[in-house]
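Letter by letter, the chains look like this.
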Amino acid sequence: ALSGWLYASLDTERRADDDARLERVIGVVQSQISNQLAIYETLVRGAAGFLAETGEMNGEKWSQYSKPLDLAVRYPGAALTVVEPRPTQRGAGRMVVVYTTPGRAGLARDLSADRESRETMERARDSGTLAGTGPVLFSGREGAQDRQQMGLVLFYPVFRAGASTSTLEQRRQALIAWVAFAFHTDPFFTLAMSDTHGLEMQAFEDPAGEKPMFRSP
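Definitions and limits used
- Residues numbered from 1 in each chain as written.
- Predicted model: local features only at pLDDT ≥ 70, side-chain atom pairs only at ≥ 80, totals over all residues.
- Heavy atoms only, no water.
- Helix = DSSP H or I, 4+ residues; strand = E, 2+ residues; numbered from the N terminus.
- Buried < 20%, exposed > 50% of the residue type's maximum accessible area, 1.4 Å probe, protein only.
- Contact = heavy atoms within 4.5 Å.
- Areas by Shrake-Rupley, 256 points an atom, 1.4 Å probe, with all protein chains shown as cover.
- Polar contact = N/O pair within 3.5 Å; in protein donor to acceptor, adjacent residues only side chain to side chain.
- Arc of directions from axis to C-beta.
- pLDDT = per-residue confidence, 0-100.
- Salt bridge = Lys/Arg side-chain N within 4 Å of Asp/Glu carboxyl O.

Draft legend 1. Broad picture of the overall build of the protein. Across its full length, the protein carries six helices and nine strands. Taken across its 217 residues, the protein has 42% of its residues classed as buried. Within the protein, residue pairs in contact and separated by at least 24 positions form 60% of the contacts whose partners lie at least 6 positions apart. For the protein, the accessible area works out to roughly 11600 Å², and carbon and sulfur atoms hold 48% of it.

This is the structure we're talking about:
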């Protein structure tokens, strides 16, 4: 379902006998995207399981868990983050970032103020499954050049250990946090489109191809 974000289009003119080569290239790109997203999903599911079993979380426990993952080296610029719901007296509660790994894909402190993030987190909570945003602009933490970089965020709900989550209301009551994995689109698609055999490809966020996210080198 996550790969439904992605729509590839070929910008170069081709003849009919090029179709087989094009299909092979598209297959490779789709496989790369699926494999990378599967790795990211494994990361957030693992962190969610750790949080659910740990119960009371603190900075030291999060550091002990996240540091061995070595995300800064394995996925430069990406960040694994814990977001907790905070009740308020007025309307919907806040969604506050409490722990994160170092990375340029910086999320805002309170994600409830961002409609895209809030609705995606609510979808993850209500479904009990992974949910992904459309393209978002990261706040950045390492200089002005990072502040406007585009990225994507995966959210996975964390439910209280032992709680029943069969119904929508039970899931809402059992939620204790979300794990988020935020990553920049440029390195993600650069890897996915690294073997296009000279074909120029683009990734779009919409089926109509009107909102480009990335163009291959």
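Draft legend 2. How the structure looks around the side chain of Ser117. Within the element layout of this structure, Ser117 appears in helix α4 (residues 115–127). Within the structure, Ser117 has its side chain in polar contact with the side chain of Asp114 (distance 2.8 Å). Excluding anything up to four places from it in sequence, Ser117 contacts Leu111, Thr133 and Phe155.

Draft legend 3. Seen up close, helix α6 (residues 185–192). Buried within α6 we find Thr185, Phe188, Phe189 and Ala192. Down the axis of α6, the sector holding all buried residues measures 85°, keeping them to one side.

Draft legend 4. Structural view of the confidence of the model for the protein. For the protein, mean pLDDT is 80; residues scoring 70 or higher make up 80% of the total. Looking across the protein, the model is least confident in strand β1 (residues 7–10), with a mean pLDDT of 44, and most confident in helix α5 (residues 168–174), with 95.

Draft legend 5. Expanded view of the side chain of Arg125. Along the polypeptide, Arg125 turns up in helix α4. Taking the relative accessible area as the measure of exposure, Arg125 reaches 16% and is therefore buried. Of the polar contacts made by the side chain of Arg125, one reaches the side chain of Asp126; its length is 2.8 Å. The residues contacting Arg125, other than those within four sequence positions of it, are Pro157, Phe159, Arg171, Arg172, Leu175 and Trp178.

Draft legend 6. Highlighting the environment of Gln202. Along the chain, the position of Gln202 falls in strand β8 (residues 201–204). Remark: the alpha-carbon pair of Gln202 and Phe214, spanning 12 residues in sequence, is separated by 5.5 Å.

Draft legend 7. Highlighting the environment of Gly132. Inspection of the secondary structure puts Gly132 in strand β4 (residues 131–132). With a relative accessible area of 8%, Gly132 lands in the buried category. Along the backbone, Gly132 and Ala182 are 50 residues apart, and their C-alpha atoms lie at a distance of 9.8 Å.

Draft legend 8. How the structure looks around the pattern of salt bridges. Tallied over the full model, the rule gives six salt bridges. Measuring nitrogen to oxygen at the nearest pair gives 2.9 Å for the salt bridge that ties Arg172 to Asp126. Note that Arg172 is positioned in helix α5 and Asp126 in helix α4, a separation of 46 residues in sequence. Accessibility expressed as a relative area gives 39% for Arg172, which makes it partly exposed. Connected via shared salt-bridge partners are Arg125, Asp126 and Arg172.

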